[in-house]
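Each chain, letter by letter, is given below.
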Amino acid sequence: MTAKSTSFSYVSNAGLQAVDYVDSNYVNSLTVDGESRALLYSKDGNFLAHARPEVVNVYNLQDENKLILSIPNIKAIELSFSPNSSYLATWERWVKTPDSEVDPVKNLKLWSLKSNNLGTLVLSFSQKNQNGWEMKWTDDEVYAARLVGNEVQIFDSRNFNKGITHRLKLEGITNFSVAPGKRYTIVAFVPEKKGQPGTVRLYDILLLTQPVAQKTFFKADSVQFFWNALGTSILVLTHTDVDKTGKSYYGETGLFFLAIAGNFDCRVELDQSGPVHDVAWSPNSKEFIVVYGTMPSKATLFDQRANPIYSFPSAPRNFVSFNPHGRVFCIAGFGNLQGEIDLWDRKSLKKIGTINGSNTSHCEWSPDGRHLMTSILYKRLKVDNGIKIWHYTGVLVHEIKVKEMYQTNWRPSHVCNYPERSELSPAPNGIAVATPPPKVGVYRPPGARGMMNREQLDKPHSAKSTTRSGQSRNNIPGLNGKQNNNNSRKSQKSVTSSTPVVVNEEKSAKDKKIKQINKKIKQIGEIKEKLKKGENVELTQLKKLEQESELLKELENLEKNISSLPNGIPNDPPSTIETKVLILGCGVSGISSAKVLAESKGIHDFLILESASHCGGRLKNKNWPENTSNFVEEGANWVHGIGLNNPIFKLSEKYNLTRIEDNLVYDTIYDAKGVKVDTKFFKSQFDYFKNVVSSVNALSVKREKYKLPDMSVRTALTLQGWQPSDSESLKSKPDLANAIEYVGFDLEQADTAEGTSLNFGVGESTYKDFGEGVQFVKDNRGFKYIMEKELDLIAYKIQKERKDFIYFNSHVKSITYANDDGSDIGGVFVKTADDKTFHAKVVICTFSLGVLQHNEVKFKPNLPESKIESLQRFHMQGEYKFWGNSENIIYTSSKKGYYPLWRNYKEPGYNILFCMVVGEESKRIESLTYDEIIQEASEVLKIIFKQDFVEPSSIFLPRWSMDKRFRGAYSNWPLGVSELNFKLIKEPLFSVLNEENYFKIAGEAGLINENFLVEESAKKKKISRVLFAGEHCSRKYFGYAHGSWLSGIELVEQYF
């Protein structure tokens, strides 16, 4: 099974059992008989560690539950994976030996799970206490830490041989935690002592000499830490051993809020006296719920500044938990309370339903966020052990009864594998709920009933004293059973509910009918046996034999029908799909953006939307002619600027892309009447023109340097001496002059000299920066092959398959980045033609210039007028390619650009002719039918080849300017465009933040940094939500594939 399946495991007296949800049924996927001591999934759900009396086994759940490692001769009772599953820590009970003082027993061991070092013992320590045994890691696994005496010892996993690389020494330290997220932050606690207040301090792991934030408070003998998922804020729950007011046997509690930036801290004000029972952050890291006060307790929702948002009705509750999406949460009362679970919708703040459960030991949301597991464990109750799985509407969908069950857990999976729905799904058909067992509980004095004794609950590793996003926090309050010294079990959260549910009556009736038919078939079998033995049978029994075929047929039909009825977990359609960065377009700049995010920035939470069914954008090839092994390029066909500084050339070399040198030698020229032109004469005029173009390029650099007014390239050509009408050699040959200009200028710039800007539209940056030369791609794998291979590397880096982060055939219809007044909406919402909605913190838009100009995508709010004006000033020209059967030629015509350049597509003998047309003529040709194109092209070829001409057998025309996904082949810089216009095209789309929201946004996932923010006023800042990349965003290399590649890289380097 893949991690996307809804799976769970449980440990009983019979052994380990893993269960997968397959085809609307729960099926056993892994069974291990015999005694078990501990069970643990890795954070990503890819591995399962199972501790038995003398061995620890590790299974790869991604590879058909394959056993990949057995660690023998170890009596582990505690297990812990590192965040990325590179290491497994085991803990055994410490045993005193005669040599313990000299050579202590090393009972805490760290094992490598890396494929090149699998099963190697990396570190080992002597750790007497089970409480606090576990090593704590940064999310990227770079640093691991453990508390020893009065210091936190920190190790660098890149080289464990160095030993301890950092130390945090604090006199009296008793607890610490490492923040989740991208920041290397550590929090340490020193309790109250001799009149001195307790202290919580936050440090940067790389700078442990000075805390970045701290908070002091009295009445703090111990603490629990609750990080938000981003690691930007922390809640500190303080405890005292004794309540000096005499109101509680279990001491006093307090709750404090700290931001790791050091700019905010406070006490969370609670409006009802009594203990804090439970705390839970929403997965969005922006709000949290606290359950507190004497019974009936209160529950209140707070924002990221500890301001109350909503208070829920008072009820006997002591437990709260959000589902992985944060859309639904439960508030429940376990332990000595009645076991009721209230299910709430965060969006509407309305109660969805209530589940009645009692004697629950474990309660946990499934990774898909739509199901709640409740279980009764043996340590809580010796009878009625088992698992129940409920839909979040309160419907029971599955139940397993177990004689003695010690532990159960869902298999983790990333929340992006289960997209959040915009609307809650309706209740599925469920199964009947049995009468709940009588409530059994340990006696508590009246004043303490319903209270949580967290210190005893947090000893097992499944409910740690440090609560971090993504870790299990499932212990039920009020459970204080002793652990078996020989067979330690994790104490975990659980609930059992018994609200009546709607049963699928149709299915129940058919089940009953199947049972009746099976009974009749069994009776028929007994009658047949009697006949074989020669026994007498009655006439009525003989008549039953005649019904056998009909019964079998009816049974078959019933079984088919019942399999199609709803049962178990429904497969609801997805709604909003969440990600941090959404890249629009899987072309060259989209792929380079993703590459830098994954490899350089360490950002793996991104998705790519591509409207086509392939990657590469305008790097695209086609099998043509059909039923042959030949391929032709529809788009880019050349590598310009040959040198290793050119990223496209470098990739072509890296992946051995087949190319040939293209020296642009035009040795076959025909005039409009089909008469051959003298090659030497053409070459001399062409060389003269290229020299003039070089002078024009130099003039462009000079005028840009001194900020002189712009002019057209036509004017510059005249100033530099190119005046065909005054030339003795060309004034009588205007058709030839047109051909020289077309081949020497128009073809490269995709526009005429009259329409091209001198200051900004020409230059030799490509050849100056990378090297002279041009190569023609003639690889049957296609030019896009280099992009395909780069995508493979990205997928390997982020450990995902392409289908898990690229949505092909997803045509974007709208992009909403702010409210109508420009205020921030917490990200960007992108809707596609197939009714999918994506929500991201930042969008990188790599649409072609033509798509933006043609308003193919609706921006909400509309694009700023200055950007629209700048977009329309740029030109997006089409490129037409035609293939027939002949040689390489230039055709001169009085109509400039009329089927002017014919080239052999690959090599002589392929019988494919390639015609290139750019500018306005290309748009005209694209508007024609194939028959009209064949007629025009054939007329030109007949003029050239006369009686040798053969009608083309096939034609292929990529209509780039008419394709809504591209609206052109590449961009140029026309006359009238300024540097300001170019900057406006690249300028991000902003939303406006007030000062309060600025501090909230500034710490999101380490993704939003100062580069995204623009100060508009003292109390107002703009945040970049939509960024733009593509070849049209490259100042020096617009119109080229390498310009597109570098644009994506430069954008990510600038903003992330």
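Residues numbered from 1 in each chain as written. Predicted model: local features only at pLDDT ≥ 70, side-chain atom pairs only at ≥ 80, totals over all residues. Heavy atoms only, no water.

Going by what an unreviewed UniProt entry lists, the protein is known as Eukaryotic translation initiation factor 2A and is assigned to Clydaea vesicula. The UniProt entry for the protein carries this comment under Sequence similarities (unreviewed entry): "Belongs to the WD repeat EIF2A family." (UniProt positions renumbered as here; feature names shortened; annotations may be inferred.)

Next up on the list: the confidence of the model for the protein. Chain-level statistics for the protein give a pLDDT mean of 77 and a share of 76% at 70 or above. Predicted confidence for residues 563–574 stays below pLDDT 50, and this span has 32 contacts to residues more than four positions away or in other chains. Long-range and interchain partners of residues 866–887, a stretch whose pLDDT sits below 50, account for 116 contacts in this model, where long-range means more than four residues apart. (pLDDT = per-residue confidence, 0-100. Contact = heavy atoms within 4.5 Å.)

This part is about the packing of helix 5 (residues 588–599) against helix 12 (residues 785–798). Between helix 5 and helix 12, the least distance of the axes is 10 Å, while the angle of their chain directions is 25°. It follows from the interaxial angle that helix 5 and helix 12 lie roughly parallel. Where helix 5 crosses over helix 12, the two elements pack in a sense that is left-handed. Between helix 5 and helix 12, the contacting residues are Val588, Ile591, Ala594, Lys595, Ala598 and Glu599 on the first element and Met787, Glu790, Leu791, Leu793, Ile794, Lys797 and Ile798 on the second. (Axes fitted to C-alpha atoms, helices over the stretch in contact; angles between N-to-C directions. Helix = DSSP H or I, 4+ residues; strand = E, 2+ residues; numbered from the N terminus. Parallel < 35°, antiparallel > 145°, perpendicular 65-115°, else oblique. Left-handed = near helix turned anticlockwise from the far one by under 90°.)

Turning next to the nonpolar core. Counting residues in hydrophobic clusters, the biggest one holds 69 residues, and the most contacted among them are Leu584, Phe606, Phe805, Ile815, Val830 and Phe1056. Sequence-distant contacts of Phe805, defined by excluding residues within four places in its chain, comprise Phe606, Leu607, Ile608, Leu791, Ile794, Ala795, Ile798 and Lys800. (Core = buried A, V, L, I, M, F, W, Y, C linked by side-chain atoms within 4.5 Å. Buried < 20%, exposed > 50% of the residue type's maximum accessible area, 1.4 Å probe, protein only.)

Under the defined criterion, the tally for this structure stands at 23 aromatic pairs. An angle of 75° between the planes, with centres 5.4 Å apart, marks the rings of Phe312 and Phe329 as edge-to-face. One end of the pair, Phe312, is in strand 27 (residues 308–315); the other, Phe329, is in strand 29 (residues 328–332), and 17 residues separate them in sequence. In terms of burial, Phe312 and Phe329 fall into one category: buried. Through a chain of ring-to-ring contacts, three or more aromatic side chains come together here, namely Tyr310, Phe312, Phe322, Phe329 and Trp344. Sitting above the plane of the Phe176 ring, Lys136 keeps its charged end 4.5 Å from the centroid. We note Arg146 situated over the ring of Phe125; from NZ or CZ to the ring centre the distance is 4.2 Å. (Phe/Tyr/Trp six-rings, centres within 6.5 Å; stacked < 30°, edge-to-face > 60°. Lys NZ or Arg CZ within 6 Å of the ring centre and 35° of its normal.)

Let us look at the packing of helix 6 (residues 647–654) against helix 12. Each pair of packed helices gets described by two things: the angle between the helix axes and the distance between those axes. Contact pair helix 6 / helix 12: the axes reach a minimum separation of 10 Å and the direction vectors enclose 80°. Here helix 6 is positioned roughly perpendicular relative to helix 12, judged by the angle of their axes. Judged by residue contacts, Ile648, Leu651, Ser652 and Lys654 of helix 6 engage Ile786, Met787, Glu790 and Leu793 from helix 12. Of the residues assigned to the contact of helix 6 with helix 12, the class counts are five nonpolar, one polar and two charged. (Nonpolar A, V, L, I, M, F, W, Y, C, P; charged D, E, K, R; others polar.)

For an α-helix, the turn length of 3.6 residues means that residues three or four places apart are oriented alike. With 12 residues, helix 5 extends 16 Å from end C-alpha to end C-alpha; this agrees with the ideal 16 Å at 1.5 Å per step. By the criterion of burial, helix 5 is predominantly enclosed, with 11 of the 12 residues buried. Taken as a whole, helix 5 has its buried residues at Val588, Ser589, Gly590, Ile591, Ser592, Ser593, Ala594, Lys595, Val596, Leu597 and Ala598. Those residues of helix 5 that are buried are in contact with strand 38 (576–584), strand 39 (606–609), helix 12, strand 49 (837–845) and helix 20 (1041–1055). (Expected span 1.5 Å × (residues − 1).)

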